[in-house]
Amino acid sequence: MKARNLLVGLLFLGIWSSCKKDPEVGDSYAYNPEPYNLVLPNNLGWSSFPIPADNPLTNAGVALGEKLFFDPILSANNTQSCASCHQISNSFADSNKFSIGAFGQVGNRAAMPLFNLAWTDKYNLTGHRYFWDGGANDLERQALGPILNPVEMANTSLFDVVARLQNHAEYPSLFRKAFGSDSVTSVKLAKALAQYERTLISSNSNWDKAERRQRLRTQSEINGMVIFSTEKGDCFHCHGNLSSPYFTDFGFHNNGLMANPKDSGLFRITGRPEDFGKMKTPSLRNLSFTGPYMHDGRFKTLMEVIEFYNSGTQNSPTVDPMISKSFPHGGLNLTPPEKIDLLNFLLSLNDSSFVVNK
Amino acid sequence: MVNIIFFLMNKMDFLSLAQTKLKNLIFLVAILPLILVGCKDDPTPTPTEPGINSLDTLTNFTGLVVPKTGSITFSMDYQFAGVPIIFESKNYVNAAKDTFTINALKHYLSNITLTKSNGSKLNLGTYHLLNPQAPGSTIFTIDNVPAGHYTGMQIALGIDSTRNYGGLQEGALDPSWGMFWTWNTGYIFFRINGNASAGKSFSYDLGGSEHLVRVNMDLTTYKVKSVNPRLGMLMDVNELFQNPENISFEKDGYTIHSNSDGPIVKVSANMLDMVSVKFLEN
């Protein structure tokens, strides 16, 4: 009888301990599709952006994407993460003219800054959206490009990358938490990175604060705004009008950088002669952090950029009409004070809160 | 019951396992009548649908009759001018007199669409990546093919635009297979490369939805009735370089990709007669 009581006691202990253990083991890694609370800017002009039905933002997915973004495990020799060339302090651009790859290879284009990306899906309907040359039509596909590019992370196969993640102590659990299964795939990798990138929203510049009536614009900024948004500077045709807070038209243009464009740009993707030398219009936000400028990083300072548009643009068969229309007048003919005003307007688009670790 | 539990307890380390055993036992006892009933009912229900009956009795037909829901096993053989391909070592000569080896050949095959005798189309909707150097990949079975009388077939040597430009996908369309442009949008539909003469190599990565090749094949030269037929196809790689227009490395390029307008249009037109039905049998 005693022995039996003991057995029953042990039995209950067994039940109790198993009850206690089971829910705890791996609980923090259980699949959790809790939606990510995306806070969109509330200035006038900002809109929501489409999120792909097959890749909704979740807390676990964004967190996984962020961890992957900063992890050198993605490069062939475990030396380089996305953040190596997309540094927070540079508004996720690279301060190098050309980014240096995992093995020290020198690339041929400047790394683009990363913010407010997903509006591209809404406003660019061409299917050529990301990269300087429009080579990716969604952020998921874009994310795989640098991982395989021989001058960037230099993996020869996505299988290698997936295997490294699969063999990692924690990643399989994090993939389970985000996507419901331990199995790592390149698709889930791309989805996680894209989720994180969609959360990179920069909307707290002095310009935004002025839009929200939280500060007054300086007179010089106002003068610069006028130059920007009128035929005088004619920046707005490509960089968006003032009622659009993105400062890009999400399109592609040949801005007259070279008489014989060395980089074929959008042409590489479309094969259409009229696209030769066209590059993606970058946003004008956060310019103080994103230099050097242009796809080839040729200009070190914003004044060099302004002077280029003022007097340095060159003709070529595909040059944008908004650029070539100033040729007969020998350029824009901005006066030195006008250039300063334009600069001050551009500087008002800096969002210093975006370039610090959160 | 308690005795049974304690009996099992002696054998097992965990109560949960014992409970599982017990549950299994109860479950088995509970479903036994169902299994028996199921066995008894099974043979009767199928041939009541009118359409299936007529397919079963159909004798005067050409093409393929699948009398009830079945499976078709598709396969592809690869030749160059009628001779099986030997990769890497053998030299081939095309109509433009280019000499070359074939080092790699991989392609997508999708949108297998069967034409019914009444003209309607049935897209089987699957995606396959075929690589003759990985022989298991060149034979595949599609299940749940609806009953029907089929007289023709179309395949796409590539991916339809929905999947080509849509979000990333797993399976045969997983970007890891390397048939995916990470610098351009979409999949590489068809890859062939090798060594050309004078130390040069050639590399054709064909793609782009506007260049998607859809090959039509007639099945009416066959007469097969089967629920699991086998349909063998034959790809003659020589046809990529000729008919209607010769492709020459010097003239059309040692590399052809989706964005090179002229040559890929010519190649795509040549590919229309690249695949034929080799056999259709029970």
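Residues numbered from 1 in each chain as written. Chains lettered and ligands numbered in written order. Predicted model: local features only at pLDDT ≥ 70, side-chain atom pairs only at ≥ 80, totals over all residues. Heavy atoms only, no water.

**Thoughts on the overall build of chain B**
Condition: A run of DSSP states H or I qualifies as a helix once it reaches four residues; a run of E qualifies as a strand once it reaches two. Both are numbered from the N-terminal end. Under the scheme applied here, a residue whose accessible area is under 20% of the maximum for its type counts as buried, over 50% as exposed, and between as partly exposed, the area being computed with a 1.4 Å probe on protein chains only. We call two residues contacting when some pair of their heavy atoms lies within 4.5 Å. Surface accessibility follows the Shrake-Rupley procedure with a 1.4 Å probe radius. Residue values consider only the protein chains on display as shielding.
Across its full length, chain B carries six helices and 17 strands. With 282 residues in all, chain B has 50% of them scored as buried. Intrachain contacts of chain B at a sequence separation of at least 6 include 73% that bridge at least 24 residues. Total accessible area computed for chain B in this model is approximately 13700 Å², and 56% of it derives from carbon and sulfur atoms.

**Points about the overall build of chain A**
The number of helices and strands found in chain A is 16 helices and two strands. Summarising its shape, the C-alpha atoms of chain A cover approximately 110 × 50 × 30 Å along the three principal directions. Across the 358 residues in chain A, those meeting the buried criterion constitute 54%. Nonlocal contacts in chain A, meaning residues at least 24 apart in sequence, comprise 65% of its contacts between residues at least 6 apart.

**Let's talk about the interface of chain B and chain A**
Stated precisely, the cut-off is as follows: In this description, buried area is defined as the sum, over both parts, of the accessible area (probe of 1.4 Å) that is lost when the two are combined. Take a side-chain nitrogen of Lys or Arg and a carboxyl oxygen of Asp or Glu: if they are within 4 Å of each other, that pair is a salt bridge. N or O atoms within 3.5 Å of each other form a polar contact, as long as, within protein, one can give a hydrogen and the other can take it, and as long as residues adjacent in sequence are counted only when both atoms are side-chain atoms. Residue polarity is assigned by list, with Asp, Glu, Lys and Arg as charged and Ala, Val, Leu, Ile, Met, Phe, Trp, Tyr, Cys and Pro as nonpolar; anything else, Gly included, falls into the polar class.
In this complex, chain B contributes 25 residues to the contact, which on the side of chain A involves 31 residues. Of the roughly 2200 Å² buried where chain B meets chain A, counting both sides, 58% is carbon and sulfur surface. Where chain B packs against chain A, one counts zero salt bridges. Counting the contacts that link chain B with chain A gives six residue pairs in polar contact (both at pLDDT 80 or more). Within the residue set of the side of chain B that touches chain A, elements represented by two or more residues are helix 1 (2-11) and helix 4 (161-165) of chain B. Among the residues making up the side of chain B that touches chain A, the classes are represented as eleven nonpolar, ten polar and four charged.

**What to know about the nonpolar core**
Nonpolar side chains in soluble globular proteins generally cluster together in the buried interior. Filter applied, for reference: Residues enter a nonpolar core if they are buried and are Ala, Val, Leu, Ile, Met, Phe, Trp, Tyr or Cys, with the set joined through side-chain atoms within 4.5 Å.
Leu74(A) and Met153(B) are the most contacted members of the largest nonpolar core, which totals 112 residues. If sequence neighbours within four positions are ignored, Met153(B) has contacts with Phe74(B), Ile112(B), Thr113(B), Leu114(B), Thr115(B), Val215(B), Asn216(B), Met217(B), Leu219(B), Leu231(B), Met233(B) and Val277(B). Judged by nonpolar contacts, the second largest core, of 23 residues, contains Met225(A), Tyr293(A), Leu342(A) and Leu346(A).

**Examining the state of the cysteines**
All names here are of chain A. As a reminder, the rule being used: Pairs of cysteine sulfur atoms within 2.5 Å are identified as disulfides in what follows.
For the coordinates displayed, the defined rule picks out zero disulfides over all chains. In this structure Cys-82 is not part of a disulfide, and its nearest cysteine sulfur, from Cys-85, lies 9.1 Å away. In this model Cys-238 remains outside any disulfide bridge; the closest cysteine sulfur is found in Cys-235, 9.3 Å from its own.

**Brief notes about the side chain of Asp351(A)**
All names here are of chain A. Short version of the rule: None of His or the chain ends enter the tally, which takes Lys and Arg as positive and Asp and Glu as negative.
With respect to the helices and strands, the residue Asp-351 is situated in the segment after helix 16 (336-347). Despite its burial, Asp-351 pairs with no opposite charge; the closest candidate is Arg-285, at 5.7 Å N-O. Setting aside its immediate chain neighbours within four residues, Asp-351 contacts Ser-202, Ser-203, Asn-204, Ser-205, Asn-286 and Phe-289.

**A short note on helix 10 (residues 219-229) of chain A**
Residue and element names in this part refer to chain A. To be explicit about the condition: By arc we mean the arc of the directions from the helix axis to the C-beta atoms, nothing more.
By the burial criterion, the buried members of helix 10 are Ser-220, Glu-221, Gly-224, Met-225, Ile-227 and Phe-228. Angular distribution of buried residues about the axis of helix 10 spans 165°; they occupy a single face of the element. Residues of helix 10 that are buried sit in contact with helix 9 (206-211), helix 11 (236-239) and helix 16.

**Section: the packing of aromatic side chains**
Where we set the bar: Ring pairs are drawn from Phe, Tyr and Trp, using the six-membered ring of Trp, whenever the two centres fall within 6.5 Å, and their geometry is named by plane angle: stacked under 30 degrees, edge-to-face over 60, tilted for the rest. By the criterion adopted, a ring carries a charge over it if an Arg CZ or a Lys NZ lies within 6 Å of its centre and within 35 degrees of its normal.
Using the criterion set out here, one finds 38 aromatic pairs over all chains in the structure. Ring centres of Tyr123(A) and Phe250(A) lie 5.5 Å apart, and the angle between their planes is 20°; on these two criteria the pair is classed as stacked. You can see Tyr123(A) sitting in helix 4 (residues 119-123) and its partner Phe250(A) sitting in the loop between helix 11 and strand 1 (252-253), a full 127 residues away along the chain. Overall, the relative accessible area of 38% leaves Tyr123(A) in the partly exposed class. Taken together, the aromatic side chains of Phe80(B), Tyr92(B), Phe100(B), Phe202(B), Tyr204(B), Phe241(B), Phe249(B) and Tyr254(B) make up a single cluster linked through ring pairs. The side chain of Lys67(A) reaches across the aromatic face of Tyr171(A), ending 5.3 Å from its centre.

**Let's talk about helix 7 (residues 171-179) of chain A**
Among the residues making up helix 7 of chain A, those that are buried are Tyr171(A), Pro172(A), Ser173(A), Leu174(A), Phe175(A) and Ala178(A). Residues of helix 7 of chain A that are buried sit in contact with helix 2 (59-69), helix 6 (158-166) and helix 8 (186-198) of chain A.

**Topic: unusual backbone geometry**
Pro292(A) follows Gly291(A) through a cis peptide bond whose omega is 0°. Omega for the peptide link from Asn243(B) to Pro244(B) comes to 0°, which places this bond in the cis form. Structurally, Pro244(B) is set in the loop between strand 15 (230-236) and helix 5 (249-252). One non-glycine residue, Asn78(A), lies in the positive phi region at around 55°. Mapped onto the secondary structure, Asn78(A) falls in the loop between helix 2 and helix 3 (82-85). Classification of Asn78(A) as partly exposed rests on a relative accessible area of 43%. A positive phi is found at Asn116(A), a non-glycine position, where the angle reads about 50°. In this structure, Asn116(A) sits in the loop between helix 3 and helix 4.

**What to know about the pairing of strand 12 (residues 201-207) of chain B**
All names here are of chain B. Put simply, the test is: We call two strands paired when DSSP finds no fewer than two bridges between them.
With five of seven residues buried, strand 12 lies mostly within the body of the structure. In the sheet, strand 11 (residues 188-195) pairs with strand 12 via seven bridges, with the strands oriented antiparallel. Within the sheet, the bridge partner assigned to Arg-191 lies in strand 12 and is Asp-205. Between the antiparallel neighbours strand 11 and strand 12 lie five residues, among them Ala-198 with a positive phi of about 60°.

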